[in-house]
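# Coordinates in review
Here is what each chain is made of, one letter per residue.
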Amino acid sequence: MLYTLKVDASNTHPDPRFLYLGPFKDTAVVKISVEDMDEPPVFSKIFYLIEVDEDVKEGSIIGQVTAYDPDAMNNLVKYSVDRHSDMDRIFSIHSENGSIFTLKPLDRESTPWHNITITATEINNSKQSSRIPVFIRILDINDHAPEFAMYYETFVCENAKPGQLIQTVSVMDKDDPPRGHKFFFEPVPEFPLNPNFTIVDNKDNTAGIMTRKDGYSRNKMSTYLLPILIFDNDYPIQSSTGTLTIRVCACDNQGNMQSCNAEALVLSAGLSTGALIAILLCVVILLVLVVLFAALKRQRKKEPLIISKDDVRDNIVTYNDEGGGEEDTQAFDIGTLRNPEAREDSKFRRDVMPETIFQIRRTVPLWENIDVQDFIHRRLKENDSDPSAPPYDSLATYAYEGNDSIADSLSSLESPTVDCNQDYGYLSDWGPRFKKLADMYGGDDSDRD
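Residues numbered from 1 in each chain as written. Predicted model: local features only at pLDDT ≥ 70, side-chain atom pairs only at ≥ 80, totals over all residues. Heavy atoms only, no water.

## Digging into the overall build of the protein
Just so we agree on the cut-off: A run of H or I in DSSP counts as a helix once it spans at least four residues, and a run of E counts as a strand once it spans at least two, with each numbered from the N terminus. For every residue, the accessible area (1.4 Å probe, protein chains only) is compared with the maximum for its type, and the residue is labelled buried under 20%, exposed over 50%, or partly exposed between those bounds. Throughout, a residue-residue contact means that at least one pair of heavy atoms, one from each residue, lies within 4.5 Å. In short, Shrake-Rupley with a 1.4 Å probe defines the accessible areas, and a residue's cover is counted only from the protein chains shown.
When its secondary structure is counted, the protein shows six helices and 20 strands. Burial status across the protein gives 28% buried among its 449 residues. Of the contacts formed within the protein by residues at least 6 apart in sequence, a portion of 60% connects residues at least 24 apart. Element-wise, carbon and sulfur atoms account for 55% of the exposed surface of the protein, whose accessible area totals about 31700 Å².

## Concerning the side chain of Thr121
Inspection of the secondary structure assignment puts Thr121 in strand E10 (residues 113-122). According to the relative accessible area criterion, Thr121 is buried, its value standing at 11%. Those residues in contact with Thr121 that sit more than four places away from it in its chain are Pro41, Leu76, Val77, Lys78, Ser126, Gln128 and Ser129.

## A closer look at the packing of aromatic side chains
Note the cut-off: Pairing of aromatic rings covers Phe, Tyr and the six-membered ring of Trp, with a centre-to-centre limit of 6.5 Å; geometry is then stacked below 30 degrees between planes, edge-to-face above 60, and tilted otherwise.
Under the definition given, this model contains seven aromatic pairs. Taken together, a centroid distance of 5.5 Å and an interplanar angle of 5 degrees make the contact between Phe197 and Tyr216 stacked. One end of the pair, Phe197, is in strand E16 (residues 197-201); the other, Tyr216, is in the loop between strand E17 (206-211) and strand E18 (223-232), and 19 residues separate them in sequence. Grouping residues by exposure puts Phe197 and Tyr216 together as buried. Between Tyr216 and Tyr224, the ring centres sit 5.8 Å apart and the planes meet at 80 degrees, which makes this aromatic pair edge-to-face. Relative accessible area serves as the criterion here: at 4%, Tyr216 is assigned to the buried category. Tyr224 gets classed as buried once you look at its relative accessible area, which sits at 11%. Three or more aromatic residues joined by ring pairs make a cluster, and in this case those are Phe197, Tyr216 and Tyr224.

## Points about the sheet that holds strand E4 (residues 48-53)
Worth spelling out the cut-off: We call two strands paired when DSSP finds no fewer than two bridges between them. To define axes, lines are fitted to C-alpha atoms, for helices over the stretch in contact only, and angles between the resulting N-to-C directions are given on a 0 to 180 degree scale.
Sheet architecture is open: four strands sit in the order E4-E11-E10-E7, paired in mixed fashion. At either end of the open sheet lies a strand with only one pairing partner, and these are E4 and strand E7 (77-81). Averaged over all pairs of adjacent strands, the angle between their axes in this sheet comes to 30 degrees, without regard to strand direction. Here E10 runs beside strand E11 (residues 129-139); their pairing, made up of nine bridges, is antiparallel. In the strand pairing of E11, Asn115 is matched with Phe135.

## Some thoughts on the sheet that holds strand E8 (residues 91-93)
With antiparallel pairing, three strands are arranged side by side in an open sheet as E5-E9-E8. Single-partner strands in this sheet number two, and they are strand E5 (61-64) and E8. Taken over all neighbouring pairs, the strand axes of this sheet differ in orientation by 25 degrees on average, direction set aside. The pairing of E5 with strand E9 (residues 99-102) spans three bridges and is classified as antiparallel. Within the sheet, the bridge partner assigned to Gln64 lies in E9 and is Ser99.

And the structure:
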């Protein structure tokens, strides 16, 4: 750009001696040429204010900003949102035309204002950019229903009269309509006429709860639930139902509450506080006595199940010289292993059938002065050949056994046995007392095992 200027210069204080030399002034023409410099984009406004309803849908355009390049080149400009001013990424902008649109739903009750920053940058030179604030105001939509302003602890006296005011309720609304709040109170349609209480709309966004009958009884009904329908006058109309809990209490003549708890109900039945404490003490004492009786009963010594003469422990001494398990002390006579002169006469065995079944084995008479080792060998051979003889399980029988004994082993496991099969079927005929023995020796399977 070129600017042309005409400049006049004159001497305001000429010397009188030189006035004859003519006028002391001159005129000059000045031409100024402005060279083009690269400058950042310029917005059409110094700030932007955008108003949008809170129920706007996601992706809706809510406003637009414009900026241009003041240079002669008139470079194109692109737009962006400074994410430091929009951390939740609620808004975005079209980079070419500057249209601002929403990315998320808006809620005036949580955030009524959003202040974001828009940046305009030259496409050919990203160093040239400008920033401008955009203020977005969220307009209210009536999307919240009114509700009680607080939790009310309401009570009515038992001696209340009809028409008494027992509670005044007020409500609150998160919305902010332009014309201000206006609330209305009515009974719910399901119960249009309550026989106990009346709802009176005071026309000042409050309502009074009045009694409708003469007297209330805690014994019959201790608590009343009073539903109240509350709605506003904005569009669309929002309404809700608040339930007021009313307790029946005992009051004095001035209407001051005295008691509303369960203790008052018990007292009205004729029981005093002292009587209740006495009953509780009796119950505690009874429980203590029961616990003590149970503890003493556990510590009491139990009576023996059998008397001393039947105690099996007393019979242990009886079997000092016998193998354990015999039913009586006469199972067999170990005197046969003693000196032939000192041993008693032979006694019948009581663990085998009597002679009616088969003959008891008769021992070969022994002569005097027989060698003890030879005697044992003879007896061992006789018992190995005798199917009715039980094994010798007495310790006294094996008195000559051991590493230091010169006698051979007397164990039946190493004694010669008869190869022929023996029949133990007769054991089953001896009765239940020999059933276990019959199971052990009876049958071919037991022999093979």
